[in-house]
Amino acid sequence: GWITLAMVGARSAALALNNLIDLKYDKMHPRFTARPMVKGTIKPWEALAFILVSLSVFLWAAAQLHPICLLLSPLAILPFLLYPYMKRFSWTCHLVLGVALACAPVGAWLAIRGDLAWPVLILGGSVAAWIAAFDVIYGCQDMAFDQEHSLHSIPVRFGIPGALRTSRWMHGLSILG
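Everything numeric here is computed off the predicted structure, so don't read it as measured data. (Residues numbered from 1 in each chain as written. Predicted model: local features only at pLDDT ≥ 70, side-chain atom pairs only at ≥ 80, totals over all residues. Heavy atoms only, no water.)

Engineer: It is not clear to me how the overall build of the chain should be interpreted in this structure. Could you clarify?
Structural biologist: Helix and strand content of the chain: nine helices and zero strands. Counting from the amino terminus, helix and strand elements in the chain follow one another as α-α-α-α-α-α-α-α-α. For a compact globule of 177 residues, the expected C-alpha radius of gyration is about 16 Å, and the chain comes in at 17 Å, within 12% of that figure. Across its three principal directions, the C-alpha atoms of the chain cover 45 × 40 × 20 Å. Residues classed as buried in the chain amount to 42% of the 177 residues present. The long-range share in the chain, meaning contacts at least 24 apart out of those at least 6 apart in sequence, stands at 64%. For the chain, the exposed surface amounts to about 9800 Å²; the carbon and sulfur share of it is 71%. Treating the 13 positive side-chain charges of the chain as one cloud and the 8 negative ones as another, the clouds have centres 2 Å apart. (Helix = DSSP H or I, 4+ residues; strand = E, 2+ residues; numbered from the N terminus. Rg over C-alpha atoms; globule rule 2.2 N^0.38 Å. Buried < 20%, exposed > 50% of the residue type's maximum accessible area, 1.4 Å probe, protein only. Contact = heavy atoms within 4.5 Å. Areas by Shrake-Rupley, 256 points an atom, 1.4 Å probe, with all protein chains shown as cover. Lys, Arg positive; Asp, Glu negative; His and termini not counted. Charge placed at Lys NZ, Arg CZ, Asp CG, Glu CD.)

So, in structure tokens, the structure goes:
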């Protein structure tokens, strides 16, 4: 239960943080017109309050688990704090998203066992590659918008054929794990 609560708190904070930080771009993007913050249904201060509550839930749940979980919680938070900014300066943004989501199985392992072993590091790497690969595919539909607004991504950097090859390679890597 505590592991699930930690995951829900972290994921909720990450999603709301991404929407808050990217609000400027989301308001210009035709695909995001129905998002609550874009429509004004949710105000930025409400999103910030939700983020703080979600982070508090994550930290509270982490404190109920193996002591290493609370100690390492900043390492779990860092990737989802960085991710929304990555498209502004690096095409590696997809990899940061993969790392952010890979923290879940690694964190669950730590919560139960209290150590890091090769099997969970391989699993975490596989999750990171798998998520990054899907995010590259997802990013292909935004290539024109990203180019127009000087945002970075693998599709912008390598074109759609190169992005799809990269995605295939990352999916293959995730299967090897």
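The rest of the description comes next.
Engineer: Please explain the pattern of salt bridges as it appears in this structure.
Structural biologist: Oppositely charged side chains can pair when the atoms bearing their charge come close. Considering all chains together, one arrives at five salt bridges under this definition. A salt bridge links Asp142 to Arg31; its shortest N-O distance comes to 2.6 Å. With a gap of 111 residues between them, Asp142 in the loop between α7 (118-140) and α8 (143-148) and Arg31 in the loop between α2 (23-26) and α3 (36-39) connect regions that are remote in the sequence. For Arg31, a relative accessible area of 34% gives the class partly exposed. A salt bridge links Asp146 to Lys87; the nearest nitrogen and oxygen atoms lie 2.8 Å apart. Placement of Asp146 in helix α8 and of Lys87 in the loop between α5 (67-86) and α6 (93-113) is noted, with a sequence separation of 59 residues between them. (Salt bridge = Lys/Arg side-chain N within 4 Å of Asp/Glu carboxyl O.)

Engineer: Help me understand the packing of α7 against helix α9 (residues 154-176), please; the structure alone is not making it clear to me.
Structural biologist: Between two packed helices, the angle of one axis relative to the other and the distance separating the axes together describe the packing. With their axes 8 Å apart at the nearest point, α7 and α9 run at an angle of 150 degrees to one another. When the interaxial angle is binned, α7 and α9 end up roughly antiparallel. Where α7 crosses over α9, the two elements pack in a sense that is left-handed. Facing α7, whose interface residues are Ser126, Ala129, Trp130, Ala132, Ala133, Phe134, Val136, Ile137, Gly139 and Cys140, α9 presents Ile154, Pro155, Ile160, Ala163, Leu164, Ser167, Met170, His171, Leu173 and Ser174. Within the contact of α7 with α9, the residues separate by chemical class into 15 nonpolar, five polar and no charged. (Axes fitted to C-alpha atoms, helices over the stretch in contact; angles between N-to-C directions. Parallel < 35°, antiparallel > 145°, perpendicular 65-115°, else oblique. Left-handed = near helix turned anticlockwise from the far one by under 90°. Nonpolar A, V, L, I, M, F, W, Y, C, P; charged D, E, K, R; others polar.)

Engineer: Just to check I follow, could you spell out the environment of Tyr138 for this structure?
Structural biologist: Positionally, Tyr138 belongs in helix α7. Given a relative accessible area of 39%, Tyr138 falls into the partly exposed group. Sequence spacing of Tyr138 and Val120 is 18 residues, and the spatial spacing of their C-alpha atoms is 27 Å. In this structure, Tyr138 is in contact with Arg31 and Phe32, ignoring residues within four places of it in sequence.

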